[in-house]
Amino acid sequence: MAGPHRDFRGTLAPTFGREVTVPGNVRLKSARVAAGYASQRALADALGVDPRQVRRWESDNPPWPQAPIQKELTRLLGQDMRALGFTPPEGHEPASPRRQSPANIPVEGSLPVVPSHPPTTMQPPSVAEDFAAVTRAHRRMYWSVAPATLHPAALAHTTLGCALLSETAGETRRAVAAALAETYLLAGRIEFFDLRLPDSAGPTLLRALQAAGEADDHLLGAAILAHTAFIPGWSGDREAAVERMVAARTYARRGSAPPPLMAWLDAVEAECETRCGNVRTALHLLQHAEDTLAAASHADGEAMPEWMDWFSRTRLAAFKGNTQLRAGHLPQARTTLLGVLDELPPTEAKQATVVLGDLAAVEAAAGRPEAACEFARRALEQLETTWYATGMDRIREVRRALAPHQHEQCVRDLDERLYGWTTTVSALAR
């Protein structure tokens with residue numbers, strides 16, 4: 001028996017019997033659902049109109065909307081007025097969908113371009129959750145999967161996300177864009193912290209910012225901008241780092257950021273100031289971050305975005321310990337860092353290599369080479385299984401500080417471990 005087919009007017013026309021008409025403007029309804037607006041009220045709220053108006057538009061004879069509503073309707077649903085089932089009155093030209101991209105910035109390299117043009121093929125709303133589920137899985141894998149393995153998978157996921165942006169609209173498109181921004185941010189974090197490729201991290205984070213703009217997600221924008229500040233901050237360019245942090249704080253205020261995000265911004269700026277030699281300023285910023293978290297705890301307001309899994313009270317203490325070390329406050333740094341090491345959960349293996357490296361640096365600065373080598377050895381053991389370029393950088397700094405003791409047996413033993421087959425191959429391969 002032949003099945004029914006749908007003709008261009010939106011009717012079900014069974015080949016074996018009478019024609020059954022599906023009432024209403026099915027084109028608009030289909031576009032609404034595909035864009036993530038499950039009900040007429042949801043679309044009405046997005047447009048700022050009465051739900052009865054959307055009901056009239058989805059009727060058999062939809063009235064022609066006014067020009068401002070046309071523009072917003074085509075922007076939200078990603079199709080022109082004719083494709084949405086409207087027939088323009090004589091003398092009226094229908095509006096065409098056009099998104100205003102917040103970041104049409106040329107970026108060099110082979111990264112996929114974040115599209116800002118209207119869709120041609122519409123994906124179902126479920127595609128946003130499916131795409132975001134992979135983003136969440138990659139984010140969890142970051143803490144255990146080798147960066148050289150995870151990085152290409154994350155970049156491949158961004159290629160898919162950019163393609164989906166061209167096939168979605170409305171709430172669905174915003175959800176895809178937010179997950180895409182998270183994925184670019186993850187790739188940028190891997191490039192900067194794990195692989196020590198700052199020249200690659202810059203363009204990747206810019207793509208992340210473009211995607212966050214497409215999602216209109218100010219908190220993600222703040223997080224991405226703060227990550228971009230690390231790049232000039234670590235190279236000693238304080239002016240550029242401060243400028244990016246001002247932008248990050250602006251986005252955070254615009255998005256009504258929760259206290260933990262504001263405290264993390266203080267910590268990022270503190271690290272940049274530390275790298276630029278301004279340890280007193282950094283310590284003031286870290287004190288402000290601690291006060292912010294304390295106040296949030298008393299007010300029961302420590303909730304943070306799901307994607308912000310790189311920060312906690314313990315992580316803040318790790319920032320502080322490093323700054324105390326660079327300020328020459330060795331007893332305080334030792335106490336802080338030992339406390340961090342005790343509190344870090346087993347899943348924080350990458351951060352543990354950094355803390356162990358900082359403890360080794362404390363002991364090296366205190367003239368205790370054997371203790372320094374012991375902490376460095378523990379860090380290298382961890383790096384053999386969980387590679388983290390930032391942790392290896394700390395160990396190399398310690399080894400340079402131990403140059404006056406290089407003929408001592410403990411330092412020679414450290415060299416055997418530092419330049420052993422496993423560690424050397426890991427460093428070169430990743």
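See the structure shown above.
So, a few notes on the structure that sits alongside this text.

Rules and cut-offs
Residues numbered from 1 in each chain as written. Predicted model: local features only at pLDDT ≥ 70, side-chain atom pairs only at ≥ 80, totals over all residues. Heavy atoms only, no water. Helix = DSSP H or I, 4+ residues; strand = E, 2+ residues; numbered from the N terminus. Contact = heavy atoms within 4.5 Å. Areas by Shrake-Rupley, 256 points an atom, 1.4 Å probe, with all protein chains shown as cover. Expected span 1.5 Å × (residues − 1). Buried < 20%, exposed > 50% of the residue type's maximum accessible area, 1.4 Å probe, protein only. Polar contact = N/O pair within 3.5 Å; in protein donor to acceptor, adjacent residues only side chain to side chain. Core = buried A, V, L, I, M, F, W, Y, C linked by side-chain atoms within 4.5 Å. Phe/Tyr/Trp six-rings, centres within 6.5 Å; stacked < 30°, edge-to-face > 60°. Salt bridge = Lys/Arg side-chain N within 4 Å of Asp/Glu carboxyl O.

**What to know about the overall build of the protein**
Looking only at helices and strands, the protein features 19 helices and two strands. Expressed as a percentage of contacts within the protein between residues at least 6 apart in sequence, the contacts between residues at least 24 apart total 64%. As presented, the protein carries roughly 20,300 Å² of accessible surface, and 52% of it is formed by carbon and sulfur atoms.

**Observations concerning helix α11 (residues 259-275)**
If you check α11, its first and last C-alpha atoms are 25 Å apart, about what 17 residues at 1.5 Å a residue would give, namely 24 Å. The buried count for α11 comes to 14 of 17 residues, which makes it a mostly enclosed element.

**Things to note about the side chain of Q324**
Locating Q324 in the fold gives a position in helix α13 (residues 313-326). Here T336 takes part through its side chain, which lies 2.8 Å from a polar atom of the side chain of Q324. When neighbours within four sequence positions are excluded, Q324 is seen to be in contact with L283, H329, Q332, A333 and T336.

**Here we look at the nonpolar core**
In terms of nonpolar packing, the biggest core is built from 98 residues, with Y142, W264, W310, F311, V355, I395 and L402 touching the most fellow members. For this core, the element with the most residues is helix α7 (residues 170-194), which contributes 12 residues. Residues in contact with L402, not counting those within four places in the same chain, are A364, P369, A372, C373, V411 and L414.

**Notes on the packing of aromatic side chains**
Enumeration according to the criterion identifies 11 aromatic pairs in this entry. With a centroid separation of 5.0 Å and 65 degrees between ring planes, the pair formed by F192 and W234 is classed as edge-to-face. Of this pair, F192 sits in helix α7 while W234 is found in helix α9 (residues 218-234), placing the two residues 42 residues apart along the sequence. Here F193 and F230 contribute two aromatic rings whose centre-to-centre distance is 5.2 Å and whose plane-to-plane angle is 80 degrees, an arrangement assigned as edge-to-face. Within this pair, whereas F193 is found in helix α7, its partner F230 is found in helix α9, the two being separated by 37 residues in sequence. The exposure class assigned to F193 is buried, which follows from its relative accessible area of 9%.

**Describing the pattern of salt bridges**
Per the counting criterion, the structure on display carries 25 salt bridges. For E269, the salt bridge identified is with R249, shortest N-O distance 2.8 Å. Of this pair, E269 sits in helix α11 while R249 is found in helix α10 (residues 238-254), placing the two residues 20 residues apart along the sequence. With relative accessibility at 15%, the residue E269 sits in the buried group. Overall, the relative accessible area of 17% leaves R249 in the buried class. One salt bridge connects R326 with E397, and the closest N-O pair in it is separated by 3.6 Å. Taken together, the positions of R326 in helix α13 and E397 in helix α17 (residues 389-401) put the pair 71 residues apart, joining distant regions of the chain. Using a relative accessible area of 34% as the deciding quantity, one classes R326 as partly exposed. Overall, E397 belongs to the partly exposed group, its relative accessible area being 32%. Linked by salt bridges that have partners in common, E374, R377, E381, E384 and R417 make up one network.

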